[in-house]
Every structure is written in C-alpha cells, then in structure tokens.
Amino acid sequence: QVQLVESGGGLVQPGGSLRLSCAASGRTISQYGMGWFRQAPGKEREFVAAITWSGSRTYYADSVKGRFTISRDNAKNTVYLQMSSLKAEDTAVYYCAADWMGVPHTARTVDSWGQGTQVTVSS
C-alpha cells in the first residue's frame, strides 16, 4: 500500500494562491489514479479533484473548476494541487487520495489516504 504525505497548507487571504503537494512512498503511484478531497468542520469529506494514472485526464468539483489545477509527476512520485482565487469557503483540511487502477471520484473507492493539511482562507 502506498503512503501519502501532504504539505503546503497554511493561511492565505481571499483571492490568494497555494500549492499543495502529496509525496508518496512505499510504492510507485504510476498505476494509481490520484485525487484530492477536503473536509470542513461539521461537514462530510468531499471530492475536489482527480487525475488518471497517466495524467491524461483530470476531473474537478464544480465548486473549484477554473480555480484549481491537479497535476502529477510520476518520476517524483508526487501529486500537486494548485489553488488560485481562493475563497473563504475553500477553508478545510485537504486530503490526498490514491485509487489503485481507478480514479478517486468518491471516498469509498480510495485505497490510501494522507493525514491531511489545513488550508485556511481568511483576511
């Protein structure tokens, strides 16, 4: 099973940008679809973005489409989430997710989770 560690979270003002990274170890992620989910206080974990194993296709929640970009570097065993035009409602703990031979659109198909990184959007 692959182990995932997120980084790059923090406090940012509305309209600002952050780039999250997810470093994998234990196995190569080249055969995993990868994704990002987030969970705000008192809310369920929700899908944010996903990318196929090859990086040829990406998927986004409507709430982040046009503002967030998911990418991957299989040689570095790392996945990224570039977040721009951040809003207060983007505040949440962001989790990296791996889905063996699939694409993590929903939490129930995820094989491995990272520990999460906090993103806070506030002035």
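Structural data are supplied above this passage.
Residues numbered from 1 in each chain as written. Predicted model: local features only at pLDDT ≥ 70, side-chain atom pairs only at ≥ 80, totals over all residues. Heavy atoms only, no water.

**Q** Looking at this model, I keep getting lost on the pairing of strand β9 (residues 92-100). Mind explaining?
**A** Regular strands have side chains that alternate between both faces of the sheet. Of all nine residues making up β9, seven are buried, and the element is well covered by its neighbours. Note that strand β4 (residues 32-39) and β9 share eight bridges and pair antiparallel. For Gly-35, the partnering residue across the bridge sits in β9 and is Ala-97. Note that β9 and strand β11 (residues 117-121) share three bridges and pair antiparallel. Each residue of the ladder has a partner; that of Tyr-94, found in β11, is Thr-117. As defined by bridge partners, β9 adjoins strand β10 (residues 112-113) across two bridges and the pair is classed as antiparallel. Note that in β10 the partner of Ala-98 across the bridge is Ser-112. (Buried < 20%, exposed > 50% of the residue type's maximum accessible area, 1.4 Å probe, protein only. Helix = DSSP H or I, 4+ residues; strand = E, 2+ residues; numbered from the N terminus. Pairing = 2+ DSSP bridges.)

**Q** Explain the packing of aromatic side chains to me, please; I cannot follow it from the model alone.
**A** The relation between two aromatic rings is expressed through the spacing of the ring centres and the mutual angle of the planes. Applying the stated rule across the entire model yields four aromatic pairs. Here the aromatic rings of Phe-37 and Phe-47 are separated by 5.8 Å at their centres, their planes lie at 75 degrees, and the arrangement is edge-to-face. Of this pair, Phe-37 sits in strand β4 while Phe-47 sits in strand β5 (residues 46-51), and the two are ten residues apart along the sequence. Their ring planes at 85 degrees and their centres at 6.3 Å tell us that Tyr-95 and Trp-113 sit as a pair that is edge-to-face. Here Tyr-95, found in strand β9, pairs with Trp-113, found in strand β10; they are 18 residues apart in sequence, far enough to count as distant. Grouping aromatic residues by their ring pairs yields a cluster made of Phe-37, Phe-47, Tyr-95 and Trp-113. A cation over an aromatic ring shows up here: Arg-45 above the ring of Trp-113, its NZ or CZ 4.5 Å from the ring centre. (Phe/Tyr/Trp six-rings, centres within 6.5 Å; stacked < 30°, edge-to-face > 60°. Lys NZ or Arg CZ within 6 Å of the ring centre and 35° of its normal.)

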